[in-house]
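Coordinate analysis (summary)
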Amino acid sequence: MTTEVKRRLNDGLKIQKEKEIVSTMIRIYCKKKHRQNVLCAECQDLNDYAIHRLSLCPFGEEKTACAKCPIHCYKQDYRQRIKETMRYSGPWMLLYHPIESIRHIPLPGKLRK
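Residues numbered from 1 in each chain as written. Predicted model: local features only at pLDDT ≥ 70, side-chain atom pairs only at ≥ 80, totals over all residues. Heavy atoms only, no water.

Here we take up the state of the cysteines. This model, assessed by the stated rule, comprises zero disulfides. You can see Cys43 has no disulfide; the closest cysteine sulfur is in Cys30, sitting 3.6 Å from it. (Disulfide = S-S within 2.5 Å.)

So, in structure tokens, the structure goes:
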């Protein structure tokens, strides 16, 4: 007899904001690199994967930036793709979404909320 453990999906405010930011960055990347107004199949796959991984993050509302996380929950190929996407989209975020960019910048130590 096997017992299946179902993890509760993260749906807190912080996770929702992270999902919005990553989706925005992927949209910017696809629009600029692939010249698409809607997500191409490759970028849609990356977006779906990132959203799914955020939903399953074991740290939930206490999560840090994925780059600083002790657990790498992305498969290697997706990790490389999301790194490339974020490196490219980060500067564009300052132009298109300056307030979200500033909110997303990790602050050291006790300055964080």
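It is at 11 Å that the axes of helix H2 (residues 41-55) and helix H3 (residues 76-96) come closest, and there the two elements cross at 105°. Comparing their axes, H3 and H2 come out roughly perpendicular. Every residue of H3 that contacts H2 at Glu42, Asp45, Leu46 and Tyr49 is listed here: Tyr78, Arg81, Ile82 and Thr85. A class-by-class count of the residues in the contact of H2 with H3 yields four nonpolar, one polar and three charged. (Axes fitted to C-alpha atoms, helices over the stretch in contact; angles between N-to-C directions. Helix = DSSP H or I, 4+ residues; strand = E, 2+ residues; numbered from the N terminus. Parallel < 35°, antiparallel > 145°, perpendicular 65-115°, else oblique. Contact = heavy atoms within 4.5 Å. Nonpolar A, V, L, I, M, F, W, Y, C, P; charged D, E, K, R; others polar.)

With that settled, consider the packing of helix H1 (residues 13-33) against H3. Between H1 and H3, the least distance of the axes is 8 Å, while the angle of their chain directions is 95°. Accordingly, the angle class assigned to the pair H1 and H3 is roughly perpendicular. When H1 is examined against H3, the residues Ile21, Val22, Thr24, Met25, Ile26, Ile28, Tyr29, Lys32 and Lys33 are found in contact with a partner set consisting of Ile82, Glu84, Thr85, Met86, Tyr88, Ser89, Gly90, Trp92, Met93 and Tyr96.

Phi angles above zero are rare outside glycine, and Arg35 is one such case at about 55°. Its place among the elements puts Arg35 in the loop between H1 and H2.

All right, on to the pattern of salt bridges then. Counted under the stated rule, the structure contains three salt bridges. Lys17 is the partner of Glu20 in a salt bridge, and the nearest nitrogen-oxygen pair spans 3.3 Å. Residue Glu20 and its partner Lys17 are located together in helix H1, separated by three residues, close to a single helical turn. The exposure class assigned to Glu20 is partly exposed, which follows from its relative accessible area of 43%. Residues Asp45 and Arg81 are paired through a salt bridge, measuring 3.5 Å at the closest nitrogen-oxygen approach. One end of the pair, Asp45, is in helix H2; the other, Arg81, is in helix H3, with 36 residues separating them in the sequence. The exposure class of Arg81 is partly exposed, given its relative accessible area of 22%. Through salt bridges with shared partners, a single network forms among Lys17, Glu20 and Glu100. (Salt bridge = Lys/Arg side-chain N within 4 Å of Asp/Glu carboxyl O. Buried < 20%, exposed > 50% of the residue type's maximum accessible area, 1.4 Å probe, protein only.)

Looking now at the nonpolar core. Grouped together as the largest cluster of nonpolar side chains are 14 residues, with contacts concentrated most on Val22, Ile26, Cys43, Leu46, Tyr74, Tyr78 and Ile82. Mapped onto this core, the elements with two or more residues apiece are H1, H2 and H3. Setting aside residues no more than four positions away along its own chain, Ile26 makes contact with Leu39, Cys43, Leu46, Asn47, Ile82 and Thr85. (Core = buried A, V, L, I, M, F, W, Y, C linked by side-chain atoms within 4.5 Å.)

Okay, the side chain of Thr24 next. Within the secondary structure, Thr24 is located in helix H1. Of the polar contacts made by the side chain of Thr24, one reaches the backbone oxygen of Glu20; its length is 2.8 Å. Dropping the residues within four chain positions of it, Thr24 is found in contact with Met93 and His97. (Polar contact = N/O pair within 3.5 Å; in protein donor to acceptor, adjacent residues only side chain to side chain.)

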